[in-house]
Amino acid sequence: MNTAGIRGERLLNAGERFGASPGWLSRLVAPGFKAMIARVDAGLARGTLLAHLPDGTTRMLGGHAPGFDAEITLYEWRPLLRLATGGVIGFYQGYEAGEWESPDKAILFALMSGNARSLGATARSSGPFKWAGRIAHAFNRNSREGSARNIAAHYDLGNDFYRAWLDESMTYSSALGVGEDSLEAAQRRKLDALADRLGKPDTVLEIGCGWGSLAGHLAGKGAHVTAISLSDEQLAWAKARGSEGVDYRKLDYRDVTGTYDAIASCEMVEALGREYWPAFLDTVARSLVPGGCAGLQFISMADDLFEDYANHADFIQAYIFPGGMLIKTSEFRALAEERGLEWRDEHRFGRDYAETLKIWRERFDEVVEEGRLPAGFDARFVRLWRFYLDYCEGGFRGGNIDVHQVTLVKT
């Protein structure tokens, strides 16, 4: 674990490879920004955006139908050019530079997400910025070596960092039934729901075990669990928990041998990349005994938006999860069924993820305000992490990103 200097530098500096930010060019094309604002106005089919502009004027954009109501202040015109050329990567770079602000970024991103179809290419990278992003993302592909490097960039920020704002179980995935009671109770409910999908297995393989909350939960129900991860930090924490009945291993999913009564995997497949979906499902199919069940939790992008998403590297891929990609549910399901894995009992609960993220952001803000953030994380990192949590919350509130639980049964 890095305990000296600035922590999280790889994430902070990763975006530089995804396209340079426009500078003086924004001043040359400033007259065209009013046309871009007009496109945003027309593209907001639902909801409104109260925009305070650099020329001192205020415009109410959208308002064609009820939806999210957001507000933004542009201190200069450059963020619009960043958005037009670099998509949300460029928009974040403008935020990092202090060129714009919003009193509620999560609602701003929910407005953008909810209008993704009508906004079209307005908020996507274009030209050389698009190709720079695709090339940079390709260098983060999840080969065996690449997977270990990508996982370390995010999860090995340090256990002390995640412990500061996650719940006591160190569960870093969507809770279930958030708002009915505490976050801790909602996370236990999620773990119970995944466990119920597996029946009463004697042996379980967990692919991507995080800090061990699900593995320990399954072991507590009587299963012997083999839990694998590529994160040194997470494995160290999980082993220190001392969960009886769990064998923690640093192992790539492609190198799994043997068979198991059941398999569990919670929000790991988003780290694979599209080209590796078949390899993951091959592992599930060969590692399950006949009739065995796999319980998966995963995050998806709406099918009709997926190809545009896949063709443009986004903020999360650039700054937060190198090599990551959300799931196209129809394609992932077809690949599973081709391998004799029957798709059963799918449940979607994206609203719960929005609420989970809101709680995480509130806890993170509280930690920062009280000076309890571990040493080494500077103000730039704090700004990045807040943007990340708000961006994800807005995506789930907008409805184009969802979270699922599903059971795969080996026939």
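Everything here concerns the structure above.
Structural notes, computed from the coordinates.

Conventions and cut-offs
- Residues numbered from 1 in each chain as written.
- Predicted model: local features only at pLDDT ≥ 70, side-chain atom pairs only at ≥ 80, totals over all residues.
- Heavy atoms only, no water.
- Buried < 20%, exposed > 50% of the residue type's maximum accessible area, 1.4 Å probe, protein only.
- Helix = DSSP H or I, 4+ residues; strand = E, 2+ residues; numbered from the N terminus.
- Pairing = 2+ DSSP bridges.
- Contact = heavy atoms within 4.5 Å.
- Salt bridge = Lys/Arg side-chain N within 4 Å of Asp/Glu carboxyl O.
- Axes fitted to C-alpha atoms, helices over the stretch in contact; angles between N-to-C directions.
- Expected span 1.5 Å × (residues − 1).
- Core = buried A, V, L, I, M, F, W, Y, C linked by side-chain atoms within 4.5 Å.

Another aspect to go through is the pairing of strand S5 (residues 203–207). Most of S5 sits out of view: 4 of its 5 residues are buried. For S5 and strand S8 (residues 260–266), the ladder comprises 3 bridges, and the chain directions are parallel. Bridge pairing links Leu-205 to Ile-263 in S8.

Moving on: the environment of Lys-358. If you trace the backbone, Lys-358 turns up in helix H17 (residues 350–369). For Lys-358, a relative accessible area of 33% translates into the label partly exposed. For the pair Lys-358 and Glu-393, spaced 35 residues apart in sequence, the C-alpha to C-alpha distance is 6.6 Å. Dropping the residues within four chain positions of it, Lys-358 is found in contact with Glu-393 and Arg-397.

If you trace the backbone, Thr-356 turns up in helix H17. What makes Thr-356 buried here is its relative accessible area of 0%.

Tallied over the entire structure, the rule returns 32 salt bridges. Between Asp-192 and Lys-221 there is a salt bridge, with the nearest N and O atoms lying 3.7 Å from each other. Of the two residues, Asp-192 is situated in helix H10 (residues 183–197) and Lys-221 in the loop between helix H11 (213–220) and strand S6 (224–229); the sequence distance between them amounts to 29 residues. Using a relative accessible area of 30% as the deciding quantity, one classes Asp-192 as partly exposed. Several salt bridges converge on common partners, so that one network encompasses Lys-105, Arg-361, Asp-365, Arg-386 and Asp-390.

Read across the open sheet, the 4 strands follow the order S2-S1-S3-S4; overall the sheet is mixed. The open sheet has two free edges, formed respectively by strand S2 (58–62) and strand S4 (100–101), since each of these has just one partner strand. Note that strand S3 (residues 69–74) and S4 share 2 bridges and pair antiparallel. Along S4, the bridge assignment pairs Thr-73 with Glu-101. Where helix H5 (residues 105–114) meets the sheet, its contacts fall on strand S1 (48–52), S3 and S4, and the angle it forms with S3 comes to roughly 110°.

Okay, unusual backbone geometry next. If you check the backbone angles, Met-170 has positive phi at about 55° while not being a glycine. Counting through the fold element by element, Met-170 comes out in the loop between helix H9 (159–163) and H10. Here Glu-267, not a glycine, exhibits a phi torsion of approximately 55°, which is positive.

Another point: H17. Across its 20 residues, H17 extends 29 Å between first and last C-alpha, which sits within 8% of the 28 Å expected from 1.5 Å per residue. Residues of H17 that are buried include every one of Gly-350, Asp-352, Tyr-353, Ala-354, Thr-356, Leu-357, Trp-360, Arg-361, Phe-364, Asp-365 and Val-367, and no others. Residues of H17 that are buried make contact with H9, H10, strand S9 (288–301), strand S10 (341–348), helix H18 (379–398) and strand S11 (401–410). The first or second residue beyond H17 is Gly-371, which carries a positive phi of 70°.

To continue, consider the nonpolar core. Buried together is how nonpolar side chains tend to be arranged in soluble globular proteins. Counting 111 residues, the largest nonpolar core has Phe-161, Tyr-162, Tyr-172, Phe-280, Phe-315 and Trp-385 as the members making the most contacts within it. With 10 residues, the top contributor of residues to this core is H18. Aside from chain neighbours lying at most four places away, what touches Phe-161 is Arg-7, Phe-364, Leu-373, Pro-374, Phe-377, Phe-381 and Trp-385. With 20 residues, the next largest nonpolar core counts Leu-198, Leu-214, Ala-227 and Ala-264 among its residues.

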